[in-house]
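One letter stands for each residue in the lines below.
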Amino acid sequence: MRLKFSLITRREFLNTLFGGWLIAFLSGSFYALLKFAYPTLGKEPDFVVLNAKDFTDIPANSVKPFPWGGKLGFIFKRPDNKTVALKGVCTHMECNIAYKPEDKKFYCPCHKGWFDMDGKVIEGPPPKPLEFFELTQEGEKLIVAKKGIKVELPKA
Amino acid sequence: MSCQRLKKWFDERYDFEGIRSFTKHKLIPVHKYGILYYTGGLTMFLFALQFITGMVLSFYYVPYHEQAHKSIIEIVTKLNMGWLFRSLHHWGAQLAIGVLFIHVFGTLLLKAYRKPRELIWITGFILLAISIFFGLSGYFLLWDERAFAAVRVATGGAGNLPVIGGFIKSFLRGGLDVTGETLIRFYGFHVSVLPFFTLLLIGIHVLLVQYHGMSIPLSQKDNVKKYEPFFPNVLYKDFILWLIALGVVVTLSVFLPPEIGKKADPLAAPPENIKPEWYFLFLFQTLKLFPGDIMGLNGEMIAIILISLGILFFFLIPFLDRKSARDEKSTAFTWIGIIYTVYFVVMTIIGFIT
Amino acid sequence: MKEKMLEKIKMIRDRKIKIAIKSSMFLILISFFTAISLWAEEQIQVFPSAPYDRYIIYQALALFWAGIIGLIVIIRMKLKEIERTQDMGIDKEEKDIPFLD
Ligand code: HEM
Ligand code: FES
């Protein structure tokens, strides 16, 4: 059935749209404000320094966790023996992810998100690929840094 | 609906009908120079933004000379969104003062100050002075070399006023020289004294505007095409402008975050060719016009006296412009307005490029 | 006579070229050193330096502008709507219209 006239007036429609949009806009701005006003807790570091010895004997196709600030990080020895580092936190709602060696994929149990070995989203709600880090070794030290950060180690 | 009940609750206790009919009856004339009616509202919006960003910055800023500089570095480098909010406060201030000057020169040139609106002009003038002092005191809070030198020059300049100069200088500096005492004092001004008087004066200023209605420039008296209701038409247009201004402030803050210089050292020599903030350039440039010595008199003192007279004249314009007060064409004051405006613009530009 | 003149002109020209070369060398050196000194003077990072963070910031900025533009479009539609009703003269509510219920 086609109605000859609309059940809502143009004015009501516009008011709802305006109100909704305004609320979304203001809450977005307010979120940024709160993020600054609320104390900065467990902010992610630009880089962390690990003991290289602890991470030498990871078997291929497995991960070893390390603390990335207050969050979970993984040193990941890929099946092809390349070692990489990534943040072990889902890009959807920040749940910790796990590596599934049998599938060669990362899995997030919160909403069933799947990522491949390069961090690309294969399935599920995560909006962005996993974040990978730059991994360098300097003697005894293993340095995990955000991509593009110049690491300046304090001189010992 | 609960909304209706709430409305009823208030309606039973307060006379909203009066307010509603008042807003309905506020009309804005439409003519060639109509945009100038928007500059005041825009300034107010930008001030509100300054209050918000300033309040959150005050959670982290430490107003003590040993820590001030470091605390701002910490805000910018260590805190979530800190770099953004410092940048917003900086660019918001620049834009607020810029728009304020447009508002002032606009009302000057259109003679919106004329009878019966003299008090609006006076409250506005005080707000302008407050805003400039807001900028100076805020800049000083950064406690870097440049800010330190700028405040030394500015307070020193005020010290050249005859008779009261020394008194003003010591009062502003909190001592004979610019020191850590000055920082605490300026912080007090910046976050409590000035905000309080700003709110008070904006309140009076805006109330008076409501009371008198919008002024129509003499030249447009017979050219008013129609009247637009303030509510909702003009208010919606205000919103559009505010949104654009907000976007501009945020964009500038992201792309041009202000630098932080070296920590100020009261005992060190000031850095090479210091320049004050742009809204001081016209004064700075005027001072440069005068030689240090005029016929055995202190040139700087003469400059300061002349500047003060110029500012005093500006302040008194509504009372001196007798013709406008009688709603007659006042060519002399049109020219005076143009001279003030051109002088400000040209001196600011010269100061900027040299 | 003429030759001497030419000689002199040449000499002056040569001298000018030499001065030009010297001063430009000087300028280049100066700017080089100022560049070095500016570079050496440790700048405080006033903007997040990790590309990942920057990417998020630019994305948020784009989203912010989208929000603003959306709001502006809606406000303009509302304005049109208001002006339309005002032109029809039906925005003024009459005080004592009887209720139809
Ligand atoms: C019209 C109003 C205002 C203007 C024009 C203004 C201007 C400024 C300026 C130019 C700075 C220096 C920014 C920089 O270079 O880093 C500053 C800093 C500051 N302002 Fe304001 N401000 C205003 C209102 C307020 C209010 C209402 C508060 C708090 C209640 C506030 C709190 C601060 C704080 C804590 C700082 C130091 C942080 C910093 O320097 O980055 N401001 N202000
Ligand atoms: S949090 Fe990982 S899928 Fe939702």
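## Re the domain arrangement of chain A
It is common to report an interface's size as the accessible area lost on association of the parts.
Part 1 of the reasoning: Per the domain assignment, the segments of chain A are domain 1 (8-38) and domain 2 (47-145).
Part 2 of the reasoning: Centre-to-centre, using C-alpha coordinates, domain 1 of chain A lies 37 Å away from domain 2 of chain A.

## Thoughts on the sheet that holds strand β8 (residues 121-123) of chain A
All names here are of chain A.
Part 1 of the reasoning: Judged by pairing direction, the sheet is antiparallel, and its four strands sit side by side in the order β5-β6-β7-β8 without closing on themselves. Strands at the two margins of the open sheet, each flanked by one partner only, are β5 (98-100) and β8. On average, each strand axis in the sheet is tilted by 35 degrees relative to the strand beside it, whichever way the strands run.

## What about the pairing of strand β10 (residues 141-145) of chain A?
Residue and element names in this part refer to chain A.
Part 1 of the reasoning: Along β10, four of the five residues are buried, which leaves the element largely enclosed by surrounding structure.
Part 2 of the reasoning: As paired elements, strand β1 (residues 47-51) and β10 share five bridges and run antiparallel to each other. Among the inter-strand pairings, phenylalanine 47 is bridged to a residue of β10, identified as alanine 145.
Part 3 of the reasoning: Relative to β10, strand β9 (residues 132-138) is paired through five bridges, and the arrangement is antiparallel. If you follow glutamate 138 over to β10, its bridge partner there is lysine 141.

## A short note on the sheet that holds strand β2 (residues 62-68) of chain A
Residue and element names in this part refer to chain A.
Part 1 of the reasoning: Strand order in this open sheet of six strands is β1-β10-β9-β4-β3-β2, and the pairing throughout is antiparallel. This sheet does not close on itself; its edge strands, each paired only once, are β1 and β2. Here the average twist between neighbouring strands, direction ignored, is 30 degrees.
Part 2 of the reasoning: Bridging between strand β3 (residues 71-77) and strand β4 (residues 83-87) involves five bridges; their strand directions are antiparallel. Counterpart to isoleucine 75 in the pairing with β4 is alanine 85.

## Re the state of the cysteines
Residues and elements named next belong to chain A.
Part 1 of the reasoning: Under the definition given, this model contains one disulfide over all chains.
Part 2 of the reasoning: Residue pairing for cysteine 95: its cysteine sulfur links by disulfide to cysteine 110, the two sulfurs lying 1.9 Å apart. Taking the sign of the S-S torsion, about -95 degrees here, the bridge from cysteine 95 to cysteine 110 comes out left-handed. In this pair, cysteine 95 sits in the loop between β4 and β5 while cysteine 110 sits in the loop between β6 (105-108) and β7 (113-115), placing the two residues 15 residues apart along the sequence.
Part 3 of the reasoning: Of the residues examined, cysteine 110 reaches a relative accessible area of 38% and is grouped as partly exposed.

## As for the site of ligand 1
Residues and elements named next belong to chain B.
Part 1 of the reasoning: Lining the immediate surroundings of ligand 1 are 20 residues, of which Phe47, Arg86, His89, Gly138 and His190 lie closest.
Part 2 of the reasoning: In the model, an oxygen atom of ligand 1 is placed 2.9 Å from a nitrogen or oxygen of the arginine 86 side chain.
Part 3 of the reasoning: In the environment of ligand 1, a nitrogen atom lies 2.7 Å from a nitrogen or oxygen atom belonging to the side chain of histidine 190.
Part 4 of the reasoning: Where the shell around ligand 1 is concerned, the elements lending two or more residues are α3 (36-57), α5 (82-109), α6 (118-141) and α9 (180-212).
Part 5 of the reasoning: Of the residues belonging to the shell around ligand 1, the class tally is 11 nonpolar, eight polar and one charged.

## Digging into the interface of chain A and chain B
Part 1 of the reasoning: Tallying the contact residues gives 11 residues for chain A and 15 residues for chain B.
Part 2 of the reasoning: For the chain A and chain B pair, buried surface summed over both sides reaches about 1200 Å², with 73% attributable to carbon and sulfur atoms.
Part 3 of the reasoning: For the pair chain A and chain B, the number of links is zero salt bridges.
Part 4 of the reasoning: Counting the contacts that link chain A with chain B gives four residue pairs in polar contact (both at pLDDT 80 or more).

## Some details on the coordination of the iron atom of ligand 1
Residues and elements named next belong to chain B.
Part 1 of the reasoning: Distances from the iron atom of ligand 1 to its protein donors, His89 (NE2) and His190 (NE2), fall at 2.0 Å.
Part 2 of the reasoning: The coordination sphere of the iron atom of ligand 1 comprises six donor atoms, whose angles at the metal cover 83 to 178 degrees; the geometry is octahedral. Taken together, the positions of histidine 89 in helix α5 and histidine 190 in helix α9 put the pair 101 residues apart, joining distant regions of the chain.
Part 3 of the reasoning: For histidine 89, a relative accessible area of 18% puts it in the buried group.
Part 4 of the reasoning: Taking relative accessible area as the criterion, histidine 190 reaches 12% and is therefore assigned buried.

## Describing the environment of proline 59 of chain A
Part 1 of the reasoning: Turning to its location among the elements, proline 59 of chain A is positioned in the loop between β1 and β2.
Part 2 of the reasoning: Separated by 18 residues in sequence, proline 59 of chain A and lysine 77 of chain A have C-alpha atoms that sit 6.9 Å apart.

Criteria and cut-off values
Residues numbered from 1 in each chain as written. Chains lettered and ligands numbered in written order. Predicted model: local features only at pLDDT ≥ 70, side-chain atom pairs only at ≥ 80, totals over all residues. Heavy atoms only, no water. Domains from an automatic or database assignment. Pairing = 2+ DSSP bridges. Helix = DSSP H or I, 4+ residues; strand = E, 2+ residues; numbered from the N terminus. Axes fitted to C-alpha atoms, helices over the stretch in contact; angles between N-to-C directions. Buried < 20%, exposed > 50% of the residue type's maximum accessible area, 1.4 Å probe, protein only. Disulfide = S-S within 2.5 Å. Near = heavy atom within 4 Å. Polar contact = N/O pair within 3.5 Å; in protein donor to acceptor, adjacent residues only side chain to side chain. Nonpolar A, V, L, I, M, F, W, Y, C, P; charged D, E, K, R; others polar. Contact = heavy atoms within 4.5 Å. Buried area = accessible area lost by both parts, 1.4 Å probe. Salt bridge = Lys/Arg side-chain N within 4 Å of Asp/Glu carboxyl O. Donors = N, O, S within 2.8 Å, 3.2 Å for Na, K, Ca; no water. Tetrahedral: all angles 85-135°; square planar, octahedral: opposite > 155°, others 65-115°.

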